[in-house]
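Spelled out from the first residue to the last, the chains are:
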Amino acid sequence: MTSYLFDPPAIHAIPVSGASAQYPVSRIFCVGRNYAAHAAEMGNEVDREAPFYFTKSPQALLATGAILPYPPGTQDLHHEMELALAIGQPVFRATRDAARAAIFGYGCALDMTRRDLQGAAKDKRRPWDLGKDFEGSAVLAPLTPAEAMGEIGPQRIHLAVNGEIRQDATLDEMIHGVAEIVADLSRYYHLAPGDLILTGTPAGVGAVGPGDVLRGGIDGLAPISLTIGPADQPA
Ligand code: MN
């Protein structure tokens, strides 16, 4: 039997509505600039040819309802309300139909972003990791099986901060649809059960600080909430 120098990392899993078994997460892919109005508010052009991606580690996962300590290294923590999809079958170089069939379910997600660090990275043509992949930056609500969600399109996606609506759109405003995203990503990766994809945020992103309460929803899915706490202090 293999022994380890220390306990291997814990499995990070997301509850599934109506089921006792949870969904264990392996990789987290995120789509950039998938709503035209958000790309415009960030001063970016939209690439309608193909989506682009960045990643977060499973250690970035945080469950809905949690308190996120204000993260280190930033003065500009932003909310991004998103539809997450969860892969349920192996999928590689798939057609859109096969890609759609490989989607296990959907959930509400928050792609929390250190916008100042992301902006500095963009300016210097550096990767976005410091801006995007940090502890607590991937907040997930329980997943709903795809068959219970139905076709993606007319559902409203919204986020309020302290009761004030900041983001409000419909999923059919996505430039690249869910099947297209999965099919495209499967040209580059052997996608497998456990892979999550956050599909991008609508317009209305903005800063949050300690004491703020975020509440988001997507029609047909379990809602999501997050409270921003004070900054973590060194022990
Ligand atoms: Mn995002």
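Report on the accompanying structure. (Residues numbered from 1 in each chain as written. Predicted model: local features only at pLDDT ≥ 70, side-chain atom pairs only at ≥ 80, totals over all residues. Heavy atoms only, no water.)

**Side note on the overall build of the chain**
Then, in step 1: Across its full length, the chain holds six helices and 18 strands.
Then, in step 2: For 235 residues, the compact-globule estimate of 2.2 N^0.38 gives 18 Å, and the C-alpha radius of gyration of the chain, at 17 Å, lies within 12% of that figure.
Then, in step 3: Each of the three principal axes of the chain carries a C-alpha extent, and together these read 55 × 45 × 40 Å.
Then, in step 4: For the chain, the proportion of its 235 residues judged to be buried stands at 50%.
Then, in step 5: Sequence separation of 24 or more characterises 76% of the internal contacts of the chain that already satisfy a separation of 6 or more.
Then, in step 6: Of the accessible surface of the chain, which amounts to about 11,400 Å², a share of 53% is contributed by carbon and sulfur atoms. (Helix = DSSP H or I, 4+ residues; strand = E, 2+ residues; numbered from the N terminus. Rg over C-alpha atoms; globule rule 2.2 N^0.38 Å. Buried < 20%, exposed > 50% of the residue type's maximum accessible area, 1.4 Å probe, protein only. Contact = heavy atoms within 4.5 Å. Areas by Shrake-Rupley, 256 points an atom, 1.4 Å probe, with all protein chains shown as cover.)

**With respect to the sheet that holds strand S18 (residues 224-229)**
Then, in step 1: Judged by pairing direction, the sheet is mixed, and its five strands sit side by side in the order S6-S18-S17-S13-S14 without closing on themselves. Each edge of the open sheet is held by one strand with a lone partner, namely strand S6 (67-69) and strand S14 (164-170). On average, adjacent strands in this sheet sit at an angle of 20° to one another, irrespective of strand direction.
Then, in step 2: Bridging between strand S13 (residues 156-161) and strand S17 (residues 213-218) involves five bridges; their strand directions are antiparallel. Following the sheet pairing, Ala 160 is matched in S17 by Arg 215. (Pairing = 2+ DSSP bridges. Axes fitted to C-alpha atoms, helices over the stretch in contact; angles between N-to-C directions.)

**Quick notes on the packing of aromatic side chains**
Then, in step 1: Per the stated rule, a full pass over the model turns up four aromatic pairs.
Then, in step 2: A centroid spacing of 5.8 Å and a plane angle of 85° characterise the contact between Phe 52 and Trp 128, whose relative ring orientation is edge-to-face. Residue Phe 52 is located in strand S4 (residues 52-56), and its partner Trp 128 is located in the loop between helix H3 (115-123) and helix H4 (129-132); the two are separated by 76 residues in the primary sequence.
Then, in step 3: Residue classification places Phe 52 among the partly exposed residues on the basis of a relative accessible area of 28%.
Then, in step 4: Considering the side-chain rings of Phe 54 and Trp 128, the 5.6 Å spacing of their centres and the 50° angle between planes classify their relative orientation as tilted. With Phe 54 in strand S4 and Trp 128 in the loop between H3 and H4, the pair connects residues that are 74 residues apart, well separated along the chain. Both residues of the pair, Phe 54 and Trp 128, belong to the buried class.
Then, in step 5: By way of ring pairs, the aromatic residues Phe 52, Phe 54 and Trp 128 are connected into one cluster.
Then, in step 6: Above the plane of the ring of Phe 134 lies Lys 56, whose end atom (NZ or CZ) is 6.0 Å from the centre. (Phe/Tyr/Trp six-rings, centres within 6.5 Å; stacked < 30°, edge-to-face > 60°. Lys NZ or Arg CZ within 6 Å of the ring centre and 35° of its normal.)

**Comments concerning H3**
Every α-helix winds through 3.6 residues per turn, so residues three or four apart in the chain are directed the same way.
Then, in step 1: Residues of H3 that are buried: Arg 115, Gln 118 and Ala 121. Viewed end-on, H3 has its buried residues packed into an arc of 125°, placing them on one side of the element.
Then, in step 2: Considering only its buried residues, H3 is in contact with helix H1 (36-41), strand S7 (77-79), strand S10 (113-114) and H4.
Then, in step 3: One or two positions beyond H3, positive phi appears at Arg 125, with a value near 55°. (Arc of directions from axis to C-beta.)

Don't take any of this as a statement about function, it's just geometry.
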